[in-house]
There are 2 protein chains.
Amino acid sequence: MVNKNKTLLNEIKEILKSKDIKPSYQRIMVYNYMKNHRNHPSVDTIFKAISGSIPTLSKTTIYNILNFFAKKGIVDTLTIDKNEVRYDFIKTPHAHFMCKICGEIFDIHLKSDVCLKDFVEGHKVEDAHVDFKGVCKGCL
Amino acid sequence: MVNKNKTLLNEIKEILKSKDIKPSYQRIMVYNYMKNHRNHPSVDTIFKAISGSIPTLSKTTIYNILNFFAKKGIVDTLTIDKNEVRYDFIKTPHAHFMCKICGEIFDIHLKSDVCLKDFVEGHKVEDAHVDFKGVCKGCL
DNA sequence: ATTTCAATCTGTAATGAGTTCAATTACATA
DNA sequence: TATGTAATTGAACTCATTACAGATTGAAAT
């Protein structure tokens with residue numbers, strides 16, 4: 001088990017190196033968290049989750065790493081929640097649904113090409129998001 | 001001119017009354033601003049714009065009024081900008097483009113039915129938004 | 001090994017949007 | 001005019017995020 005974890009972390013190390021990112025322990029742990037938890041976490045959620053493994057961890061470091069990962073195209077920055085930024089491990093384009101009651105964000109598998117445009121009305125598109133808000137299945 | 005303004009403000013008064021909203025001077029002024037400025041303003045923008053006409057105006061009042069207007073379906077709450085909430089006078093469904101350079105938000109006239117769904121994957125939809133971010137025509 | 005240097009990390013302080021709350025004001029009705 | 005409810009005000013507060021300066025790391029050079 002320890003060996004298996006070590007192997008997984010080494011894999012992440014290689015992934016980061018291949019993207020020209022120095023694989024610090026903190027970056028590896030954030031990447032590992034994002035890869036294994038598709039819960040659209042906030043900075044605070046990630047901090048609480050991994051600070052146990054890194055006693056000296058600073059929240060500022062999580063901010064730095066996520067901004068850096070966003071610039072490198074590893075995570076997507078979701079502004080669907082007006083209280084705090086949420087982050088998403090980048091995969092195939094999809095929409096999001098945020099519950100106004102419980103705050104959870106769900107992936108929505110939507111057939112739509114709006115996320116694939118390069119330009120809209122003359123403006124250069126870098127990010128595209130389709131966001132729904134309401135009451136989720138569980139809270140209904 | 002003074003008479004014409006007075007007529008316009010009286011029209012707004014009637015609109016608010018018809019929606020079961022007590023037409024205070026502050027509410028009339030915020031409604032008037034939103035109707036005439038389609039620039040997706042923040043609370044601060046509106047405050048700066050109309051506080052000249054209402055010397056005692058408090059920013060808390062703008063927050064109260066906009067939240068109330070949102071509940072009444074008069075304005076739409078845009079969370080596209082992670083720094084501050086922006087507000088949109090509700091009209092026919094459309095998408096938005098926000099420029100990462102100048103911060104301006106543009107209306108995008110998009111043929112898409114994603115905004116018209118009542119349910120997605122079992123979740124009850126109350127709001128739907130299609131947001132683009134990038135570099136606007138002017139900043140390119 | 002030691003030095004060097006840049007990149008990264010850390011923690012504190014500052015910023016600023018948004019909320020809370022108690023006191024004041026406005027307004028409709030009796 | 002009196003009364004009660006709703007709306008407004010402003011100060012204090014919360015809390016996510018940023019700024020910044022000092023400490024640490026790690027790789028390359030000597």
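In this report, we go over the structure that sits alongside the text. (Residues numbered from 1 in each chain as written. Chains lettered and ligands numbered in written order. Predicted model: local features only at pLDDT ≥ 70, side-chain atom pairs only at ≥ 80, totals over all residues. Heavy atoms only, no water.)

## Description of the overall build of chain A
Looking only at helices and strands, chain A has four helices and six strands in total. The N-to-C order of helical and strand elements in chain A reads α-α-α-α-β-β-β-β-β-β. Structurally, chain A occupies a C-alpha span of about 45 × 40 × 30 Å along its principal axes. Residues classed as buried in chain A amount to 42% of the 140 residues present. If you take every contact in chain A between residues at least 6 apart in sequence, the share linking residues at least 24 apart comes to 45%. For chain A, the exposed area adds up to about 7,800 Å²; of that, 52% sits on carbon and sulfur atoms. Between the averaged position of the 22 positive side-chain charges in chain A and that of its 16 negative side-chain charges there is a distance of 7 Å. (Helix = DSSP H or I, 4+ residues; strand = E, 2+ residues; numbered from the N terminus. Buried < 20%, exposed > 50% of the residue type's maximum accessible area, 1.4 Å probe, protein only. Contact = heavy atoms within 4.5 Å. Areas by Shrake-Rupley, 256 points an atom, 1.4 Å probe, with all protein chains shown as cover. Lys, Arg positive; Asp, Glu negative; His and termini not counted. Charge placed at Lys NZ, Arg CZ, Asp CG, Glu CD.)

## Topic: the interface of chain B and chain A
On the chain A side, the residues contacting the 34 residues of chain B number 34 residues. Summing both partners gives a buried area of about 3,000 Å² for chain B against chain A, and 58% of it is carried by carbon and sulfur. Scanning the region where chain B abuts chain A turns up four salt bridges. E126(B) serves as the salt-bridge partner of K100(A), at 3.0 Å between the closest nitrogen and oxygen. Inspection of the region where chain B meets chain A yields 19 residue pairs in polar contact (both at pLDDT 80 or more). Among the secondary structure elements, those contributing two or more residues to the side of chain B that touches chain A are β4 (105-108), β5 (119-120) and β6 (123-135) of chain B. If one sorts the elements of the side of chain B that touches chain A by residue count, β6(B) sits on top with 13 residues. Residues of the side of chain B that touches chain A, tallied by class, amount to 16 nonpolar, seven polar and 11 charged. Two strands pair when backbone bridges link them, and strand β6 (residues 123-135) of chain A and β6(B) are joined in this way by 11 bridges, in the antiparallel orientation. (Buried area = accessible area lost by both parts, 1.4 Å probe. Salt bridge = Lys/Arg side-chain N within 4 Å of Asp/Glu carboxyl O. Polar contact = N/O pair within 3.5 Å; in protein donor to acceptor, adjacent residues only side chain to side chain. Nonpolar A, V, L, I, M, F, W, Y, C, P; charged D, E, K, R; others polar. Pairing = 2+ DSSP bridges.)

## Description of the protein's contact with DNA strand C
Within the structure, DNA strand C sits among 17 residues, and S24(A), Q26(A), T56(A), T61(A) and V85(B) are positioned closest to it. The sugar-phosphate portion of DNA strand C accounts for 78% of its atoms within 4 Å of the protein, the bases making up the rest. Separating a phosphate oxygen of DNA strand C from a side-chain N or O atom of Y63(B) is a distance of 3.2 Å. For the surface near DNA strand C, the elements supplying multiple residues, two or more each, are α2 (25-36) and α4 (59-71) of chain A together with α4 (59-71) of chain B. Here the surface near DNA strand C is built from residues that sort into three nonpolar, 10 polar and four charged. (Near = heavy atom within 4 Å.)

## What to know about the packing of aromatic side chains
Residue and element names in this part refer to chain A. Here the structure, examined in full by the defined rule, presents six aromatic pairs over all chains. An aromatic cluster is present here, built from Y31, F69 and F89 joined pairwise through their rings. Looking at K124, its charged tip hangs above the ring of F119, at a distance of 5.9 Å from the centre. (Phe/Tyr/Trp six-rings, centres within 6.5 Å; stacked < 30°, edge-to-face > 60°. Lys NZ or Arg CZ within 6 Å of the ring centre and 35° of its normal.)

## Considerations on the protein's contact with DNA strand D
In the neighbourhood of DNA strand D, 16 residues make up the surrounding shell, with Y63(A), V85(A), S24(B), Q26(B) and T61(B) lying closest. Of everything in DNA strand D that lies within 4 Å of the protein, sugar and phosphate atoms constitute 81%. In this structure, R27(B) approaches DNA strand D through a side-chain N or O atom, which is 3.1 Å from a phosphate oxygen. Note that a phosphate oxygen of DNA strand D is positioned 3.0 Å from one of the side-chain N or O atoms of T56(B). Looking at the surface near DNA strand D, the elements with two or more residues in it are α4 of chain A together with α2 (25-36) and α4 of chain B.

## What about the state of the cysteines?
All names here are of chain B. For the coordinates displayed, the defined rule picks out zero disulfides over all chains. Between C136, a cysteine without a disulfide, and C139, which holds the nearest cysteine sulfur, the sulfur-to-sulfur distance is 3.8 Å. On the accessibility criterion, C136 (3% relative accessible area) is buried. (Disulfide = S-S within 2.5 Å.)

## Description of helix α3 (residues 43-50) of chain A
All names here are of chain A. The set of residues buried in α3 consists of V43, I46, F47 and I50. The arc enclosing the buried residues of α3, seen along the axis, measures out at 100 degrees, which places them on a common side. Against α2, α4 and β2 (86-89) lie the buried residues of α3. (Arc of directions from axis to C-beta.)

## Examining the side chain of D88(B)
Residue and element names in this part refer to chain B. Within the element layout of this structure, D88 appears in strand β2 (residues 86-89). Polar contacts involving the side chain of D88 include one to the side chain of K91, which spans 3.3 Å. A polar contact is formed between the side chain of D88 and the side chain of H94, at a distance of 3.1 Å. Excluding its chain neighbours within four sequence positions, the residues that come into contact with D88 are M34, H40, I74, V75, D76, L78, H94, H96 and D107.

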